[in-house]
Amino acid sequence: MREEATQSNLGPGKNGALWSIGMYAGRTPLDLRPVEGIDNPVLSAEDVTDIRARFVADPFMIKTKDTWHMFFEVMNADTLKGEIGLAASEDGMKWNYAGIILNEPFHLSYPYVFQIDDEYYMIPETYKSNTIRLYRADLFPGKWSLAGILMDGPWVDCSVFRHEGRWWMFACPAFSKSSALELFHAETIAGPWRAHALNPIIGSNNRNARPAGRVIADGAALIRFTQDCHPNYGTSVRAFEIFQLTPSTYVEREVERSP
């Protein structure tokens, strides 16, 4: 089975260094290369037609029937505030921009979209609101409303996944400058969310703390992707396999083929 992944890249633009979105593919999530016949980036600020965009970033994909849906941050060049955009694709390679589908009075980014039974949910980064907010699709993929507040506090790049009957969430404290990571768990997505006994599971390391996308199962292994923010934010992405995960234990190790 071929795995497909998105990547946000820095590249030259009219306003300096701008993020854009490109596509890589490979046999596994740890063996990804540029796709032959595809011109990266597949989405950039120039594709955004309903607002004036400075850049696009933080792509998350989900498939329904025969359509891939990509949710991503669009930086509004007039307000300097992130909003959530949507693009669609039949093959996961060529994308058509569909428009802004979520905005708030505060900054939005990192639209972590996922499915529970027949419902679609999203946890975007909303640290400027001092909360972690859960949105539910009223009409997927284009209409969303607030379903609840999961936790208080300025958390960035919150990443949820389900494992052995429990929900887990990685979150980076906004004040930590990408150098700390905390872990929480809950019986249901709505909570209540409880702190892991070893928090912070990473205390001071900007090379492996901040989440970098969806936690995935690669065979029997759980893989956590993380941003290497040394020497600068967004320098590269690394992959760690989680070996122990309980409310009181946590062990991970960087995989040999870490990208």
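Residues numbered from 1 in each chain as written. Predicted model: local features only at pLDDT ≥ 70, side-chain atom pairs only at ≥ 80, totals over all residues. Heavy atoms only, no water.

1. Observations concerning the overall build of the protein
For step 1, the next point in the chain: Across its full length, the protein holds 0 helices and 19 strands.
For step 2, the next point in the chain: In terms of overall dimensions, the protein is globule-like: its C-alpha atoms have a radius of gyration of 17 Å, near the 18 Å expected for 259 residues.
For step 3, the next point in the chain: The principal-axis extent of the C-alpha atoms belonging to the protein is close to 45 × 40 × 40 Å.
For step 4, the next point in the chain: Accessible area for the protein stands at about 12,600 Å²; split by element, carbon and sulfur atoms hold 47% of it.
For step 5, the next point in the chain: Treating the 25 positive side-chain charges of the protein as one cloud and the 32 negative ones as another, the clouds have centres 3 Å apart. (Helix = DSSP H or I, 4+ residues; strand = E, 2+ residues; numbered from the N terminus. Rg over C-alpha atoms; globule rule 2.2 N^0.38 Å. Areas by Shrake-Rupley, 256 points an atom, 1.4 Å probe, with all protein chains shown as cover. Lys, Arg positive; Asp, Glu negative; His and termini not counted. Charge placed at Lys NZ, Arg CZ, Asp CG, Glu CD.)

2. Considerations on the pattern of salt bridges
For step 1, the next point in the chain: Within the structure shown, the criterion is met by 11 salt bridges.
For step 2, the next point in the chain: Between arginine 33 and aspartate 31 there is a salt bridge, with the nearest N and O atoms lying 2.3 Å from each other.
For step 3, the next point in the chain: Residue arginine 33 is classed as exposed on the basis of its relative accessible area of 52%.
For step 4, the next point in the chain: According to the relative accessible area criterion, aspartate 31 is buried, its value standing at 15%.
For step 5, the next point in the chain: When the shortest N-O distance is used, the salt bridge between glutamate 252 and arginine 224 registers 2.9 Å. Linking glutamate 252 in strand β19 (residues 250-254) with arginine 224 in strand β17 (residues 221-228), this pair joins segments that are 28 residues apart in sequence.
For step 6, the next point in the chain: One continuous salt-bridge network, built from bridges that share partners, spans Arg27, Asp31 and Arg33. (Salt bridge = Lys/Arg side-chain N within 4 Å of Asp/Glu carboxyl O. Buried < 20%, exposed > 50% of the residue type's maximum accessible area, 1.4 Å probe, protein only.)

3. Quick word on the sheet that holds strand β5 (residues 67-76)
Paired through backbone hydrogen bonds, the strands of a sheet run either parallel or antiparallel to each other.
For step 1, the next point in the chain: Here we have 4 strands laid out as an open sheet, ordered β4-β5-β6-β7, and antiparallel in their pairing. Strands at the two margins of the open sheet, each flanked by one partner only, are β4 (53-64) and β7 (96-102). Each strand axis lies, on average, 30° off the axis of its neighbour in the sheet, ignoring direction.
For step 2, the next point in the chain: Here strand β6 (residues 82-89) pairs with β7 via 5 bridges, running antiparallel. Bridging across to β7, leucine 86 finds its partner in glycine 99. (Pairing = 2+ DSSP bridges. Axes fitted to C-alpha atoms, helices over the stretch in contact; angles between N-to-C directions.)

4. As for the side chain of threonine 126
For step 1, the next point in the chain: Along the polypeptide, threonine 126 turns up in the loop between β9 (119-125) and β10 (131-139).
For step 2, the next point in the chain: Given a relative accessible area of 1%, threonine 126 falls into the buried group.
For step 3, the next point in the chain: Only 2.7 Å separates the side chain of threonine 126 from the backbone oxygen of threonine 131, close enough to count as a polar contact. (Polar contact = N/O pair within 3.5 Å; in protein donor to acceptor, adjacent residues only side chain to side chain.)

5. As for the confidence of the model for the protein
For step 1, the next point in the chain: In this model, the protein carries a mean pLDDT of 92, and residues with pLDDT of at least 70 account for 93%.
For step 2, the next point in the chain: For residues 1-5, every residue scores under 50 in pLDDT, and the model assigns this stretch 21 contacts once sequence neighbours within four places are set aside.
For step 3, the next point in the chain: Overall, residues 9-17 carries pLDDT values under 50, and its contacts beyond four positions in sequence, including any with other chains, amount to 13 contacts. (pLDDT = per-residue confidence, 0-100. Contact = heavy atoms within 4.5 Å.)

6. Brief notes about the packing of aromatic side chains
Each aromatic ring pair is specified by the distance between its two centres and by the angle formed by the two planes.
For step 1, the next point in the chain: One pass over the full model with this rule turns up 15 aromatic pairs.
For step 2, the next point in the chain: Centre to centre, the rings of tyrosine 110 and tyrosine 112 are 6.4 Å apart; their planes meet at 40°, and the pair counts as tilted.
For step 3, the next point in the chain: Overall, tyrosine 110 belongs to the buried group, its relative accessible area being 3%.
For step 4, the next point in the chain: When the centroid spacing of 5.8 Å and the interplanar angle of 50° are considered together, the rings of phenylalanine 114 and tryptophan 167 count as tilted. You can see phenylalanine 114 sitting in strand β8 (residues 109-116) and its partner tryptophan 167 sitting in strand β13 (residues 166-173), a full 53 residues away along the chain. The pair formed by phenylalanine 114 and tryptophan 167 is uniform in burial state, with each residue classed as buried.
For step 5, the next point in the chain: One aromatic cluster in this structure is built from Phe60, Tyr110, Tyr112, Phe114, Tyr121 and Trp167.
For step 6, the next point in the chain: The residue whose ring lies beneath arginine 224 is phenylalanine 170, and the NZ or CZ to ring-centre distance is 5.5 Å.
For step 7, the next point in the chain: The positively charged end of arginine 224 is found above the aromatic ring belonging to phenylalanine 240, 5.5 Å away from the centroid. (Phe/Tyr/Trp six-rings, centres within 6.5 Å; stacked < 30°, edge-to-face > 60°. Lys NZ or Arg CZ within 6 Å of the ring centre and 35° of its normal.)

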